[in-house]
Amino acid sequence: MKISIGIVGSGPTAIFFLKKLASRITEISGIIDSITIFEKDGIAGIGMPYSEKYTELCNMSNIASEEIPQLHQSLVDWLEEQSDIVLKKFNITRSDISKTKIFSRLVLGSYFKTQYEYYKNILSDSNIQLKENCNTEVIDILPITSEEYNYKIVTNHNKSIFCSTVVLASGHEWINHDNLKTGYFASPWPIYKILPPENEIYNYTIGILGASLSAFDVVSSLSRRHGVFIKKDSETIYKPNKGTEKFKIVLHDLNGWLPNLQYEQKEPMRELYRHISKKELLQLRDENGFLRLHTYFESVCKPVLKKAFYKDDMPEIVEALNKTEFGIIAFVNKMSDLHAYDNPFEGMKKEFVEAQKSVKNNTPIYWKEVIDDLMFTLNFHAELFPAEDHYIFHSVLMPFLLNVIAALPLESSKIMLALHKQGKLELLKGSVEILNSTSEKDDFTVINVEDETGVKKLKYKKFIACSGQKSTTLENFPFQSLVSSGMVREPLSKVISIKNFHKILEDSNVVDLIKNEKEWYMKLKGLEIDSDFKLVDIYGNSDSNLYNLSFTHTLGVRPYSYGLQACELTSRIAAEDFIYSLTRSLTTHKNALEF
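Remember, it's a predicted structure, so these values are computed and weren't measured experimentally. (Residues numbered from 1 in each chain as written. Predicted model: local features only at pLDDT ≥ 70, side-chain atom pairs only at ≥ 80, totals over all residues. Heavy atoms only, no water.)

Enquirer: What should I look at first to understand helix α13 (residues 387-405) in this one?
Expert: Along its length, α13 shows its largest kink, about 45°, at Leu397, and proline Pro399 lies within four residues downstream of that point. The buried count for α13 comes to 14 of 19 residues, which makes it a mostly enclosed element. (Bend = angle between axes of the 7 residues up to and from the residue. Helix = DSSP H or I, 4+ residues; strand = E, 2+ residues; numbered from the N terminus. Buried < 20%, exposed > 50% of the residue type's maximum accessible area, 1.4 Å probe, protein only.)

Structure follows, in structure tokens:
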């Protein structure tokens, strides 16, 4: 039987999936008949964060060429092939091209497009029909009973395409809606929607929820509409335009943190089993089959972290790690305290000197690199956690990891410091509650900000949420026929002790606990997948023809799946499983015919 694949999305996740298929072309070319790619935007092979439709030249990526998983060409090799005209379009000189240099998101978009075309051509040249559907949104996927097909894909053009295997490779999905009346924006994308019209300005204070890399994109784009950045020696200076005296941006972050800064790495590519083998990892499970965070931290993390901190000349952390009572939460708190400042911009200025020295002298910051590797490994086995550890990972580790590892490029930090020096950028600490995001009457967004001193109410004519995407639920999953047919379900994690779990939760009301007979479970975010990224149905069975690689759909069981390296490994795992299932079923079919 000929196999037909439908891939929803065409960004990096899909590109890495196609790459794996192309690498096994001799095995699959006689089996796969067609691959149909669905892309809701006008051009395939780019990805939303790297598209001219969503971002602009001043919006920087945070990944260097040496950190991008291997494709046909490295980013540096591709840039070196480009003409001077193309490089000038991206404000790049030939001397700028380096494997450690960080470029605009648009540069990565053009690069990914060429790699996408390369793998598409390999597959097409091997007698696999490649059908590309741009400006096409998949609005539903229906399971069907047929000898040849398993799914019907329905598009916004009222067309139906039939496939035997479906791969969901969509990336960013913004579920919340903007409110132009109050000036509330549920996301900054596309970036153009938040910018003033030509020859107009925003001569007032703008609020931003979050201090992430996306927040910096907003800061970068808005500030350039209201002034210019001037380089004087090694310093960046911001000169506001006339008439923008009241223009100002206020960032809101729960912990009062600005991002950590770019750092030198000895091993820029993460490895799934750099510090422990899969066999050794599985042997750490307890008698109930759970992998406990404290066991992993004591057995795996502490030995390699001590070596890393010794290399980083931080003996006080090595000493703390030698103590049995110094667990993973204590570690997070300790390292967070080192990044906590009464004035976060003064802290950034101090850390800039250290980070610049690290990069200039090729001196790695070993502990950051090691903790990223360790959590990368843990992420792809998070289904082994009990509910207690899922809660700790999501609520304690993830905010810490995203701040430390999603590092801000050094040039970007210069821009933030220049704006702060001019009084154009501030940061407020505290939790934020948006009070009127759906109001049809107010002409501003009202928020409550709560910190250790109490609650204060603030109003903004424009307020932009840059705190990340909401995870998928059964209710907002875009393919509702899969929900109604029982092909998907939400993941549950078993609670070991409900009494102890309530002690961990304290006053938290953000978890959803359910009781099944005598056992308690915590409902996780997103949808359930198995270890090969196949969706799991309501009976607990995974479908060998339905893969979900979208990180917004799988954050519950794969919480640390951010960045291109996690994206590549996700695609590789799923593609290898698909090819294995494909060749195995073909062998079984041949054996049956021979019999």
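Enquirer: What's the story with the nonpolar core in this structure? I'm lost.
Expert: One broad rule of soluble globular proteins: the nonpolar side chains tend to lie buried together. Within the largest apolar cluster, 86 residues are counted, with the highest numbers of intra-cluster contacts made by Ile7, Leu21, Ile35 and Phe578. Of all the elements, helix α17 (residues 564-594) adds the most residues to this core, at 10 residues. For Ile35, the residues in contact, after removing those within four places along its chain, are Ile5, Ile7, Leu18, Leu21, Leu123, Ile128, Gln129, Leu130 and Lys131. (Core = buried A, V, L, I, M, F, W, Y, C linked by side-chain atoms within 4.5 Å. Contact = heavy atoms within 4.5 Å.)

Enquirer: Whenever I open this one, the pairing of strand β22 (residues 542-548) confuses me. Can you help?
Expert: As paired strands, strand β7 (residues 165-168) and β22 are joined by 3 bridges and run parallel to one another. Bridging across to β22, Leu168 finds its partner in Asn548. Where strand β21 (residues 534-536) folds back onto β22 in an antiparallel hairpin, the turn is made up of 5 residues, including Gly540, whose phi is positive at roughly 90°. (Pairing = 2+ DSSP bridges.)

Enquirer: Just checking my understanding: could you explain unusual backbone geometry for this structure?
Expert: Across the chain, the bulk of peptide bonds are trans and the bulk of non-glycine residues have phi less than zero. Of the consecutive residues Trp189 and Pro190, the connecting peptide bond is found in the cis state with omega at -5°. Take Pro190: it is sitting in the loop between β8 (184-185) and β9 (205-209). Non-glycine residue Asn199 carries a positive phi angle of around 70°. Even without being glycine, Asn362 reaches a positive phi, approximately 55°. Structurally, Asn362 can be placed in the loop between α11 (344-360) and α12 (366-379). By relative accessible area, which is 54% here, Asn362 ends up exposed.

Enquirer: How should I be thinking about the pattern of salt bridges in this particular structure?
Expert: Close approach of charged atoms lets side chains of opposite charge pair. All told, the structure shown has 33 salt bridges when counted by the stated rule. The closest approach of N and O atoms between Glu132 and Lys120, which form a salt bridge, is 3.0 Å. Placement of the pair is Glu132 in strand β3 (residues 129-133) and Lys120 in helix α5 (residues 105-124), with a sequence separation of 12 residues. Between Glu452 and Lys429 there is a salt bridge, with its nearest N and O atoms 3.9 Å apart. With a gap of 23 residues between them, Glu452 in the loop between β15 (445-451) and β16 (454-460) and Lys429 in strand β13 (residues 425-429) connect regions that are remote in the sequence. Connected through salt bridges with shared partners, the residues Arg270, Glu271, Arg274, Asp372 and Asp373 form a single ionic network. (Salt bridge = Lys/Arg side-chain N within 4 Å of Asp/Glu carboxyl O.)

Enquirer: What is the right way to look at α11 in this model?
Expert: The α-helix winds at 3.6 residues per turn, so residues separated by three or four positions along the chain end up facing the same way. End to end, α11 covers 24 Å across 17 residues, agreeing with the expected 24 Å (1.5 Å per residue, within 8%). Along α11, the residues classified as buried are Pro344, Phe345, Gly347, Met348, Glu351, Phe352, Ala355 and Ser358. Looking at the buried positions of α11, the neighbouring elements they touch are α10 (328-338), α14 (410-421) and β13. N-cap assignment for α11: the residue whose side-chain oxygen lies 3.0 Å from the backbone N of Phe345 is Asn343. Among the residues trailing α11, Asn362 stands out with phi positive, at a value near 55°. (Expected span 1.5 Å × (residues − 1). Polar contact = N/O pair within 3.5 Å; in protein donor to acceptor, adjacent residues only side chain to side chain.)

Enquirer: When you look at the layout of surface pockets in this model, what are you seeing that I'm missing?
Expert: Any empty space left between atoms is shown by rolling a water-sized probe over those atoms. Roughly 1,100 Å³ of volume is contained in the second largest pocket. Lining the second largest pocket are 30 residues, and of these Met60, Lys101, Ile102, Lys231 and Glu411 lie nearest its centre. Elements with a minimum of two residues in the lining of the second largest pocket: α6 (213-224), β10 (227-232), α11 and α14. With 5 residues, α14 is the single largest residue contributor to the lining of the second largest pocket. Considered class by class, the residues forming the lining of the second largest pocket number 14 nonpolar, 9 polar and 7 charged. (1 Å grid on protein atoms, 1.4 Å probe; cavity = no way out; pocket = protein on both sides within 12 Å on 5 of 7 lines; lining within 4 Å. Points joined across faces, edges and corners; volume = space filled by probe spheres on them. Nonpolar A, V, L, I, M, F, W, Y, C, P; charged D, E, K, R; others polar.)

Enquirer: Whenever I open this one, the packing of aromatic side chains confuses me. Can you help?
Expert: Each aromatic ring pair is specified by the distance between its two centres and by the angle formed by the two planes. As enumerated under the stated definition, the model contains 22 aromatic pairs in all. For the pair Trp367 and Phe400, a centre-to-centre distance of 6.5 Å together with 20° between the ring planes defines the contact as stacked. Linking Trp367 in helix α12 with Phe400 in helix α13, this pair joins segments that are 33 residues apart in sequence. Residue Trp367 is classed as buried on the basis of its relative accessible area, which comes to 7%. Relative to Phe393, the ring of Phe385 has its centre 5.8 Å away and its plane inclined at 40°; by these criteria the two rings are tilted. You can call Phe393 buried: its relative accessible area is 1%. A connected cluster of aromatic rings, assembled from ring pairs, spans Phe297, Phe309, Phe331, Trp367 and Phe400. (Phe/Tyr/Trp six-rings, centres within 6.5 Å; stacked < 30°, edge-to-face > 60°.)

Enquirer: Sorry, what's going on with the sheet that holds strand β20 (residues 519-523) here?
Expert: The pairing of strands in a sheet happens through backbone hydrogen bonds and is either parallel or antiparallel. Read across the open sheet, the 3 strands follow the order β18-β20-β19; overall the sheet is antiparallel. At either margin of the open sheet sits one strand with a lone partner, and together these are β18 (492-494) and β19 (512-516). Here the strands of the sheet are splayed against their neighbours by 35° on average, with no regard to which way each runs. As judged from the 5 bridges shared by β19 and β20, these two strands associate in the antiparallel manner. (Axes fitted to C-alpha atoms, helices over the stretch in contact; angles between N-to-C directions.)

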